[in-house]
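Tertiary structure, described
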Amino acid sequence: MRNRLGTFGLIVPSIAQCAVGAALAWVVAVHLLGHARPLFAPIAVMICVGVGLGQRLRRLVELVVGVSLGVGIGDLLVSWIGSGPWQMALVVALAMGVAGLLNSGELFISQVGSSAVLVTMVVPGEDAGGLDRMIDALTGGVIGVAAVALLPASPLTIAGKRLSGVLDAFSTVLEQAAEAIEKGDMDLAAEALERGRRTQTSVEELAAALANSREIIRISPLRRHHRSRLARYETAAVPVDLALRNARVLVRRTLAALGESSPPPAALAESLREVSEAALLLQLELAAGREPMLARQALLAVAARERPKNLGFSANVTIAQLRSIAVDLLQATGMDHDTASAALTPLNEPA
C-alpha cells in the first residue's frame, strides 16, 4: 500500500495538469474559436500530458498529424460511402493502414484510427469540419504543454523516487546474499537471486522517470534550477543499472559457491554489507543534493581491500563480481571508469 501511495503521489501533478488543461482547452475552443463541440481539444490535452512518459513534445506532433490524417481520410471516404458499421470498418482499416506505412508509432496509428472512427460515426452537419478538428487538436496539445510548464511536477522527486527504488532493491539483494554466506543457507541465496531477477522493472521505471524529468526541466522555466541536481541522477543511472546486473551474477555464483567444498569466506559477507550500505549512502546524498563523497569513500575502502586466497571457482567469481560492482558504484558517484578501476587491489597482488 505504501508503494502504491508513493506511486500515486508521483502522478498527482499529471492528473491536475490533465484536469485543468482539458477544461481550459474546452473553454478556449468554444468561446475563443467558436467551435460548438471541440471533442479533440480536451482529448489532445490528456494525450499530450499523459502520466509522465517523457515524450510530450513528440506526442504533440504525432497527435496533430495523426488527427489531421485520420480526419482527412475519414471525411473523404464518408463523403463517398456514407456512415455505418461496415463504412467504419473500411475507413478505420484504410486510415490505420496508411498511418502504419508512414509511421510505426503506436500513438500515431491509434490517433489516426480513433479520428477516423469519430468522423465516420458523427452525423453529418452535427460536428465541425476537418479543419476545425485539426485546430482543436493543436489547441489542446499546446495547452497540454503549457500545463506542464506552468503546473510542473518536481523532476527531482520523480527521478529520486525511482533511483531510490533501484538502490533499495540492490541493497536488499546484497544484504540477503551476505546473510546467506554467513549462515551457509542456499535457500536464502536463492531467494536473493529471485529478488534480483525482479528488479528490471525498477530500472526501466528509472529510465522513464529521467526522461520525464529532463522534459519537465526543458519545458518549464520554473524547474530550470534543478538541472545540476538532476545531472547527478543521470550520472548515476547507467552505473547503478550495471551494478544491479552484476549483483544478480554475484548472487548466482554465491548460490553455486555454497554448494562447493570451498564456500565463500565470511569476510566476503562483510564486504557485501559495506557495499550495500554505500548504496544507501549514495541514495541519501543524492536526495540531499550533495556530492556523494561519503558513498565514494566507503566504496574506495572496499575496492582497496586485499582479496582472500585459496578460494573455490565460484567464490572467486563472486569476488570478481564484487570488484565490478565497486567500480560501477564509484562511477555512479561521479568518478570516471579508469580512476575507479585503478582503486581496485591488483589481481596479482598476494593476499
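It should be noted that the structure appears before, not after, this text.
Report on the accompanying structure. (Residues numbered from 1 in each chain as written. Predicted model: local features only at pLDDT ≥ 70, side-chain atom pairs only at ≥ 80, totals over all residues. Heavy atoms only, no water.)

Remarks on the packing of helix α9 (residues 200-219) against helix α10 (residues 227-257)
How we decide: Note on method: axes are straight lines fitted to C-alpha atoms, helices fitted across the in-contact stretch only, with angles between N-to-C directions ranging 0 to 180 degrees. Each helix is a run of H or I in the DSSP string that is no shorter than four residues. Each strand is a run of E no shorter than two, and both are numbered from the N terminus. Just so you know how the angles are binned, under 35 degrees is roughly parallel, over 145 roughly antiparallel, 65 to 115 roughly perpendicular, and the rest oblique. Should the near helix be turned anticlockwise from the far one by less than a right angle, the crossing is left-handed, and should it be turned clockwise, the crossing is right-handed. Should any heavy atoms of two residues lie within 4.5 Å, those residues are considered in contact. Side-chain classes follow a simple rule in which Ala, Val, Leu, Ile, Met, Phe, Trp, Tyr, Cys and Pro form the nonpolar group, Asp, Glu, Lys and Arg form the charged group, and the remainder, Gly included, forms the polar group.
The geometry of α9 relative to α10 is characterised by a closest axis approach of 11 Å and an angle of 165 degrees between their N-to-C directions. By the angle between their axes, α9 is roughly antiparallel relative to α10. Regarding α9 and α10, the two cross each other, and that crossing is left-handed. Across from Gln200, Val203, Leu206, Leu210, Ser213, Arg214 and Ile217 in α9, the residues of α10 making contact are Arg227, Leu230, Tyr233, Glu234, Ala237, Asp241, Leu244, Arg245 and Arg248. Counted by class, the contact of α9 with α10 contains 8 nonpolar, 2 polar and 6 charged residues.

Looking at the side chain of Asn246
The condition that has to hold: With a 1.4 Å probe rolled over the protein chains alone, any residue whose accessible area is under 20% of its type maximum counts as buried; one over 50% counts as exposed, and the rest are partly exposed.
Counting through the fold element by element, Asn246 comes out in helix α10. On the basis of relative accessibility, which here comes to 18%, the residue Asn246 falls in the buried class. For Asn246, the contacting residues outside a window of four places in its chain are Gln321, Ser324, Ile325 and Asp328.

Observations concerning the nonpolar core
Selection rule: Only buried residues count toward a nonpolar core. Its members are Ala, Val, Leu, Ile, Met, Phe, Trp, Tyr and Cys residues joined through side-chain atoms within 4.5 Å.
Phe170, Val240 and Val275 are the most contacted members of the largest nonpolar core, which totals 52 residues. Sorting the residues of this core by element identifies α7 (155-183), α8 (186-197), α9, α10, α11 (266-287), α12 (293-303) and α13 (313-332) as the ones contributing at least two each. Ranked by the residues each element gives to this core, the list is headed by α7, at 11 residues. Val275 has contacts with Phe170, Leu174, Leu299, Val302, Leu322, Ile325 and Leu329, leaving out every residue within four places of it along the chain. Grouped together as the second largest cluster of nonpolar side chains are 17 residues, Ala41, Val49, Ala149 and Ile158 included.

Points about the pattern of salt bridges
Selection rule: The term salt bridge refers to a pairing of a side-chain nitrogen on Lys or Arg with a carboxyl oxygen on Asp or Glu at a separation within 4 Å.
Per the stated rule, a full pass over the model turns up 10 salt bridges. The salt bridge involving Glu194 is made with Arg198; its shortest N-O contact spans 4.0 Å. Residue Glu194 is classed as partly exposed on the basis of its relative accessible area of 37%. With its nearest N and O atoms 2.9 Å apart, the salt bridge here joins Glu274 to Arg305. Remark: Arg305 occurs in the loop between α12 and α13 and Glu274 occurs in helix α11; sequence separation between them is 31 residues. Residue classification places Glu274 among the partly exposed positions, given a relative accessible area of 21%. Three or more residues joined by partner-sharing salt bridges are found here, namely Glu175, Glu182 and Arg273.

Description of the environment of Arg245
Tracing the chain through its elements places Arg245 in helix α10. In this structure the C-alpha to C-alpha distance between Arg245 and Phe170, which are 75 residues apart in sequence, comes to 9.4 Å.

Some words on α12
Put simply, the test is: To obtain the arc, one takes the directions from the helix axis to the C-beta atoms.
For α12, every residue scored as buried is listed here: Ala295, Arg296, Leu299, Val302 and Ala303. When α12 is viewed along its axis, its buried side chains cluster within an angular range of 120 degrees and face the same direction. Each element contacted by the buried residues of α12 is listed here: α11 and α13.

Observations regarding the packing of α7 against α10
For any two helices packed against each other, the geometry comes down to the angle between their axes and how far apart the axes lie. Closest axis-to-axis distance for the α7/α10 pair is 10 Å, and the angle between their directions is 25 degrees. Taken together, α7 and α10 sit at an angle that is classed as roughly parallel. For the pair α7 and α10, the crossing hand works out as left-handed. Residues Leu156, Ala159, Gly160, Leu163, Val166, Leu167, Phe170, Val173, Leu174, Ala177 and Ile181 of α7 form the contact with α10, whose participating residues are Arg229, Leu230, Tyr233, Ala236, Val240, Ala243, Leu244, Ala247, Leu250, Val251 and Thr254. For the contact of α7 with α10, the residue count by class is 19 nonpolar, 2 polar and 1 charged.

So, a nonpolar patch on the surface
To be explicit about the condition: To count toward a patch, a residue needs a relative accessible area above 30% and no salt bridge. Like charges then connect within 9 Å, nonpolar side chains (Val, Leu, Ile, Met, Phe, Trp, Tyr) within 5 Å. Where accessible areas are quoted, they stem from the Shrake-Rupley method and a 1.4 Å probe; at the residue level, only the protein chains shown are allowed to cover.
On the surface, Trp26, Val27, Leu39, Ile43 and Met46 cluster together into a nonpolar patch covering about 400 Å² of accessible area. Within the element layout of this structure, Ile43 appears in helix α2 (residues 40-49). Classification of Ile43 as partly exposed rests on a relative accessible area of 30%.

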